[in-house]
Number of protein chains: 2
Amino acid sequence: MPRPKPLSGFPEFLPEGRIVEQHVLGRLQRTFELHGFASIETRAVEPMDRLAKGGEIDKEIYVVRRLSAGDPSTGSAQGADELGLHFDLTVPFARYVLENAGHLQFPFRRYQIQKVWRGERPQEGRYREFTQADIDIVGNGDLAAHHDVELPLVLLDALEALHRDLGLPPALMHVNNRKLAQGFYTGLEISDLAGVLRTVDKYDKIGPDAVRESLINEIGLTAAQADLCTRLAEINTTDASFVDQVTALGVSNDLLDVGLAELAALVMAAGDQQPGRLVADLKIARGLDYYTGSVYETELVGFGSLGSIASGGRYDSLASDGRTSYPGVGISFGVTRTLAPLLGKGHLTASRPVPTCVLVAVDSEETRGAAISVATKLRKRGIPTEVAPKADKFGKQIRYADRRSIPYVWFTAAEAGAGGEVKDIRTGEQLPADPSRWVPEEQDYWPSVQGVWDPE
Amino acid sequence: MPRPKPLSGFPEFLPEGRIVEQHVLGRLQRTFELHGFASIETRAVEPMDRLAKGGEIDKEIYVVRRLSAGDPSTGSAQGADELGLHFDLTVPFARYVLENAGHLQFPFRRYQIQKVWRGERPQEGRYREFTQADIDIVGNGDLAAHHDVELPLVLLDALEALHRDLGLPPALMHVNNRKLAQGFYTGLEISDLAGVLRTVDKYDKIGPDAVRESLINEIGLTAAQADLCTRLAEINTTDASFVDQVTALGVSNDLLDVGLAELAALVMAAGDQQPGRLVADLKIARGLDYYTGSVYETELVGFGSLGSIASGGRYDSLASDGRTSYPGVGISFGVTRTLAPLLGKGHLTASRPVPTCVLVAVDSEETRGAAISVATKLRKRGIPTEVAPKADKFGKQIRYADRRSIPYVWFTAAEAGAGGEVKDIRTGEQLPADPSRWVPEEQDYWPSVQGVWDPE
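Every value quoted in this text rests on a predicted model; they were computed, and no experiment measured them.

Here is what the cut-offs are and how they apply
Residues numbered from 1 in each chain as written. Chains lettered and ligands numbered in written order. Predicted model: local features only at pLDDT ≥ 70, side-chain atom pairs only at ≥ 80, totals over all residues. Heavy atoms only, no water. Helix = DSSP H or I, 4+ residues; strand = E, 2+ residues; numbered from the N terminus. Buried < 20%, exposed > 50% of the residue type's maximum accessible area, 1.4 Å probe, protein only. Contact = heavy atoms within 4.5 Å. Areas by Shrake-Rupley, 256 points an atom, 1.4 Å probe, with all protein chains shown as cover. Lys, Arg positive; Asp, Glu negative; His and termini not counted. Charge placed at Lys NZ, Arg CZ, Asp CG, Glu CD. Patch = residues over 30% accessible without salt bridge, like charges linked within 9 Å, V, L, I, M, F, W, Y side chains within 5 Å. Salt bridge = Lys/Arg side-chain N within 4 Å of Asp/Glu carboxyl O. Phe/Tyr/Trp six-rings, centres within 6.5 Å; stacked < 30°, edge-to-face > 60°. Pairing = 2+ DSSP bridges. Expected span 1.5 Å × (residues − 1). Least-squares fit on C-alpha atoms with pLDDT ≥ 70 in both. Axes fitted to C-alpha atoms, helices over the stretch in contact; angles between N-to-C directions. Polar contact = N/O pair within 3.5 Å; in protein donor to acceptor, adjacent residues only side chain to side chain. Nonpolar A, V, L, I, M, F, W, Y, C, P; charged D, E, K, R; others polar. UniProt positions renumbered as here; feature names shortened; annotations may be inferred. Parallel < 35°, antiparallel > 145°, perpendicular 65-115°, else oblique. Left-handed = near helix turned anticlockwise from the far one by under 90°.

Q: Residue-level account of the overall build of chain A, with values.
A: Of the regular secondary structure elements, chain A holds 13 helices and 19 strands. Considering only C-alpha atoms, chain A reaches an extent of 90 × 60 × 45 Å along its principal axes. Looking at the 456 residues of chain A, the share that counts as buried comes to 57%. The long-range fraction of contacts in chain A, counting pairs at least 24 apart against all pairs at least 6 apart in sequence, stands at 68%. Total accessible area on chain A is roughly 18,900 Å²; 49% of this is exposed by carbon and sulfur atoms. Counting 49 positive and 63 negative side-chain charges, chain A places the centres of these two groups 8 Å from one another.

And the structure:
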């Protein structure tokens, strides 16, 4: 069998990268749970009629079919029960909520960390299989506006833990509010709200002048309307002073006032709870139609080329069974999208590629039992331990540990009863030790993760 | 949208069941890492030519194709680069080892916990999507026999943690050795070794008499040969006394002696390290052709109807690139296969369906900030905390906690500075408390898992 090649768009990590990913997933999980979010997992497949909605993303859906369901070239197995791999975690979550509504307590706070699949053309930052970490709060019939404030701060709390504990770059969340934008445009007597949102969404790509031109030439705004829309988009503040700046533009509308108040509440709460990590940025539009209030995007400071690593917003109807609708607010953090580039460029490293803290050396195959007995005692006290695979010369066994960055090598005493000696192979220091009492340095128990990048 | 129905064969858990699953996965991960196994994950898809080997399982493979790759009914997108979902974790692991051999240290100890997919006919205990937890040790060119002893004991250590800490039923591993069986049959001058193994594999289903008959009538053994094969299969001992019982059958062969010695070493080590959890059981054959030494099957005591929950063995060539072959020993624990039935029958329960330990009540929407401030202080000290979604009457807020089995409700003091009071809603006891110092009962921090079943 020739050596296989990687599949483009399907990233896989070596053990060291996987350790970084495990640390990141563990921090996310812990933070989400500290905020009372329950974990769910949904199956990888959904019926095609639930996935395909006629939009752009339909082309990217992976259809799944049993090989035995007949030769696909004859089309014999096509039908209403056809399945596809989910391309996000929102569609399956909406289905899960409808399916299990009678067994869930609302507002339902859930997190979900799973792989999703999109048959995109693979390119820098685009993957065909990638891990997302989503949090949502969903109500039954209604959902209070304060959850729009709470939810992005939970994600910022998680990103702060990744920055503080694992050395990822700090995050900056850019937030806006659809009500604010729509109220403003309505106050200007603009009718094509979707067109304006779509154009403003390109602000970062094409710049304010091109946005203004496009608003006039393509959407048909007057120069005065286009000016005001562009000036609105230019406003960004880290505190609630954006309210005065918007008011100074002289547009008045009830929905605008609601949007201003909601966004101000979010910015002020963020100033208290996650100072410096959130900015009101009135050019943020988010393309998706279903957002109806707050919208969120997030950059890693100094790594803007990664795009938005965590996006979401408020939607008034995640799902509906005809009688009840389920409004929600959610945000999705792109785990692979963030980690694969950082790992690829060496910006995140693990202290070792194995969990092992101690390698117990073996004198001879006859005394392997003594080494196993030491290892068992160490593991019982929570110290990850391996027994050397071969009774090689000690120098060779030390090299086995060294190649894996295992910090300690234990030598069992030939005399029964004595514990042996333990060598820190980084310093060369070797001391007598008892496997029932010895402990490693606190930071050596498990692999640790470190960021390696220049702050801007 | 009408209420969706579950898809047969694709089990999903409610949040309470998911908490049980998370606890189980966490214990597995911790035990595997304490033994120095590194985690890897592989992509969900493999090229079809790597998955389909012409065996029975081929029919069950799910083929995956982009919707935009053309109308499947025209067959336009079929080709050499066709992909399928992996149906186990061994095929992708073998590919991963070949692909990354230059970056891995051997012997390579890895664990892998992922979903796999099989388009089987759904029935009791059979799933189309399910989670497996595999551990393997793989060598480069060679792998010492002591790893055949070590590996099943790592899995037993993990199953013991599930039993001890989470209340799963205890496990009993049944082990045999292919060399023992093949040496014995060769010593009897039987040529159709595979036929005999296949027949003996049915021992538990059809019983000894039918096995004996089948060996004579279908495989063509003499009555004397069939007798001895059946008598070998009947031997099972919890210590090394099986060696004498086999020797007493009067068959002599070098490979048999090697097999006896290897199996005796395993049984004796298990007696030391996992007493009472492993039995030499000479009827265990394991259908798969690629095992060449030790073979393992595992039952949950009292839940034999689940079948073998963890199976594996020694294989002399996991993978080969033509120049180097990679022998290994591995075992696969069926997480979904074990948990879905136990959860379905109520044999495992979580103490609550949410992580939340404390609900902070809200006096009025104006003082929500005070409640958030208490919650932040509690979370900083590792206490999972939610703020009540609505400033309802306190009775209603207590019911909110009660419906989720959240043990504590915190009432913020209206006076600034004072911490407030905390009520244990199980006992009704309410005491003044400071959010910077109060701690819950140790067992209340996080949800716990309990087994509910009658030991036999």
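Q: Account for a positive patch on the surface, naming residues and giving values.
A: Together, A:Lys390, A:Lys393, A:Lys396, A:Arg399 and A:Arg403 give the surface a local cluster of positive charge. Assignment of secondary structure puts A:Arg403 in helix H13 (residues 394–403).

Q: Could you give an account of the packing of aromatic side chains, with specific residues and numbers?
A: Evaluation of the coordinates by the stated rule reveals 21 aromatic pairs over all chains. With centroids separated by 6.2 Å and ring planes inclined at 80°, the aromatic side chains of B:Tyr290 and B:Tyr315 adopt a geometry described as edge-to-face. Here the residue B:Tyr290 occupies a position in the loop between strand S9 (278–281) and strand S10 (291–300), and B:Tyr315 occupies one in strand S11 (residues 310–320), the gap between them amounting to 25 residues. With a centroid separation of 6.3 Å and an interplanar angle of 85°, the aromatic rings of B:Phe303 and B:Trp453 are classed as edge-to-face. Here B:Trp453 lies in the segment after strand S19 (449–451) and B:Phe303 lies in the loop between S10 and S11, a separation of 150 residues in the sequence. Owing to a relative accessible area of 13%, B:Phe303 belongs among the buried residues under this scheme. Put simply, the rings of A:Tyr290, A:Tyr291 and A:Tyr315 pair up and form one aromatic cluster.

Q: I'd like to hear about the pairing of strand S6 (residues 129–138) of chain A, residue by residue, with values.
A: All names here are of chain A. Where burial is concerned, most of S6 is hidden: 10 out of the 10 residues are buried. Residues Glu129, Thr131, Ala133, Ile135 and Ile137 of S6 are buried on one face, and the alternating residues Phe130, Gln132, Asp134, Asp136 and Val138, pointing to the opposite face, are buried as well. Bridge analysis of strand S5 (residues 108–117) against S6 gives 10 bridges, and the strand direction is antiparallel. Note on S6: the bridge partner recorded for Val116 is Phe130. Direction of pairing for S6 relative to strand S12 (residues 325–334): antiparallel, over a ladder of 7 bridges. Along S12, the bridge assignment pairs Gln132 with Gly334.

Q: Tell me about helix H1 (residues 15–34) of chain B, and name the residues and values.
A: Residues and elements named next belong to chain B. Given a rise of 1.5 Å per residue, 20 residues ought to cover 28 Å, and the 28 Å separating the end C-alpha atoms of H1 matches this to within 8%. Of all 20 residues making up H1, 14 are buried, and the element is well covered by its neighbours. The positive-phi residue at the C-terminal boundary of H1 is Gly36, with phi of around 80°.

Q: Which residues make up the relation of the copies chain B and chain A, and what values go with them?
A: Expressed as a screw operation, the relation of chain B to chain A combines 0.0 Å of axial shift with a rotation of 180°, fitting to an RMSD of 0.0 Å. Taken together, the turn and the small shift mark the pair as related by a two-fold rotation axis. When the interface residues of chain B are mapped onto chain A, 100% of them again lie at the interface, so the same face is used by both copies.

Q: Help me get a handle on the environment of B:Asn140, residues and values and all.
A: As for its placement among the helices and strands, B:Asn140 is situated in the loop between strand S6 (129–138) and helix H4 (146–166). Residues in contact with B:Asn140, not counting those within four places in the same chain, are B:Phe106, B:Thr324, B:Ser325 and B:Tyr326.

Q: Requested: an account of the sheet that holds strand S14 (residues 358–360) of chain B, with residues and values cited.
A: Residue and element names in this part refer to chain B. With respect to topology, 5 strands assemble into an open sheet ordered S15-S14-S16-S17-S18, the strand pairing being mixed. Looking at the sheet topology across the chains shown, the edges are occupied by strand S15 (385–387) and strand S18 (430–432). The average angle at which neighbouring strand axes cross in this sheet is 25°, direction not considered. When S14 meets strand S16 (residues 408–411), the two strands line up parallel, connected through 3 bridges. Bridged to Val360 within S16 is Trp410. Where helix H13 (residues 394–403) meets the sheet, its contacts fall on S14, S15, S16 and strand S17 (421–424), and the angle it forms with S16 comes to roughly 150°.

Q: Just give me the short version of the sheet that holds strand S14 (residues 358–360) of chain A, but keep the residues and values in it.
A: Residues and elements named next belong to chain A. Reading across from one edge, S15-S14-S16-S17-S18 is the order of the 5 strands in this open sheet, with mixed pairing throughout. A strand with exactly one partner marks an edge of an open sheet, and here the two such strands are strand S15 (385–387) and strand S18 (430–432). Each strand of the sheet is rotated relative to its neighbour by a mean of 25°, with strand direction disregarded. One ladder, built from 3 bridges, connects S14 with S15; its direction is parallel. Residue pairing for S15: Val358 is matched across the bridge by Thr385. The strands that helix H12 (residues 368–380) touches are S14, S15 and strand S16 (408–411); relative to S15, the one it contacts most, it runs at about 175°.

Q: Give me the lowdown on the interface of chain B and chain A, citing residues and values where you can.
A: Each partner contributes to the interface: chain B provides 90 residues, whereas chain A provides 90 residues. The interface formed by chain B and chain A holds 8 salt bridges in total. Between the two partners, chain B and chain A, sit 37 residue pairs in polar contact (both at pLDDT 80 or more). The element contributing the most residues to the side of chain B that touches chain A is H1(B), with 7 residues. When grouped by side-chain class, the residues that make up the side of chain B that touches chain A number 41 nonpolar, 22 polar and 27 charged.

Q: If you had to explain the environment of A:Lys390 to someone new, which residues and values would you point to?
A: The topology assignment puts A:Lys390 in the loop between S15 and H13. Separated by 29 residues in sequence, A:Lys390 and A:Ala361 place their C-alpha atoms 8.5 Å apart.

Q: Describe the UniProt feature "binding site: L-histidine" (unreviewed entry) in chain A, and please don't skip the residues or the numbers.
A: Residues and elements named next belong to chain A. Here the UniProt feature "binding site: L-histidine" (unreviewed entry) sits at Asp88, Leu89, Thr90, Arg118, Gln132, Asp136, Arg286, Tyr290 and Tyr291. Within the fold, Asp88 resides in the loop between strand S4 (83–85) and helix H3 (90–100). Residue class for Asp88 comes out buried when judged on its relative accessible area of 15%. Ignoring any residue separated from it by four or fewer positions in sequence, one finds Asp88 in contact with Val116 and Arg118.

Q: Would you mind going over the packing of helix H7 (residues 203–217) of chain A against helix H8 (residues 223–234) of chain A in detail, with residue names and values included?
A: Residues and elements named next belong to chain A. Where H7 meets H8, the axes come as close as 7 Å, and the angle between the chain directions of the two elements is 160°. By the angle between their axes, H7 is roughly antiparallel relative to H8. Every pair of crossing elements has a handedness; the one defined by H7 and H8 is right-handed. Taking contact as the criterion, the partners of Tyr203, Pro208, Arg212, Leu215 and Ile216 in H7 are, on H8, Ala223, Ala226, Asp227, Cys229, Thr230, Ala233 and Glu234. Its residues assigned to classes, the contact of H7 with H8 shows 8 nonpolar, 1 polar and 3 charged.

Q: Can you lay out unusual backbone geometry for me, pointing to particular residues and giving the numbers?
A: Cis geometry is adopted by the peptide bond preceding A:Pro107, which originates at A:Phe106 and carries an omega value of -10°. Its location among the elements puts A:Pro107 in the loop between H3 and S5. One non-glycine residue, B:Ser405, lies in positive phi territory at about 55°. Classification of B:Ser405 by relative accessible area gives partly exposed; the value is 38%.

Q: Before we move on, can you summarise the pattern of salt bridges with the specific residues and values?
A: Considering all chains together, one arrives at 48 salt bridges over all chains under this definition. A salt bridge links A:Asp165 to A:Arg27, with the shortest nitrogen-to-oxygen separation between them at 2.6 Å. On the criterion of sequence distance, the pair formed by A:Asp165 in helix H4 (residues 146–166) and A:Arg27 in helix H1 (residues 15–34) is long-range, its members being 138 residues apart. For A:Asp165, a relative accessible area of 31% puts it in the partly exposed group. One connected set of salt bridges, linked through shared partners, spans A:Glu12, B:Arg43, B:Glu46, B:Arg95 and B:Glu99.

Q: I'd like a description of the pairing of S11(B), backed by residues and values.
A: The side chains of a regular strand alternate, first on one face of the sheet and then on the other. Residues and elements named next belong to chain B. In terms of burial, S11 is largely enclosed, as 8 of its 11 residues are buried. Examined bridge by bridge, S11 and strand S12 (residues 325–334) share 8 bridges and lie antiparallel to one another. Within S12, the position partnered with Ala310 by the bridge is Phe333. Counted between consecutive antiparallel strands, the loop separating S11 from S12 contains 4 residues, among which Gly322 sits at a positive phi close to 100°.

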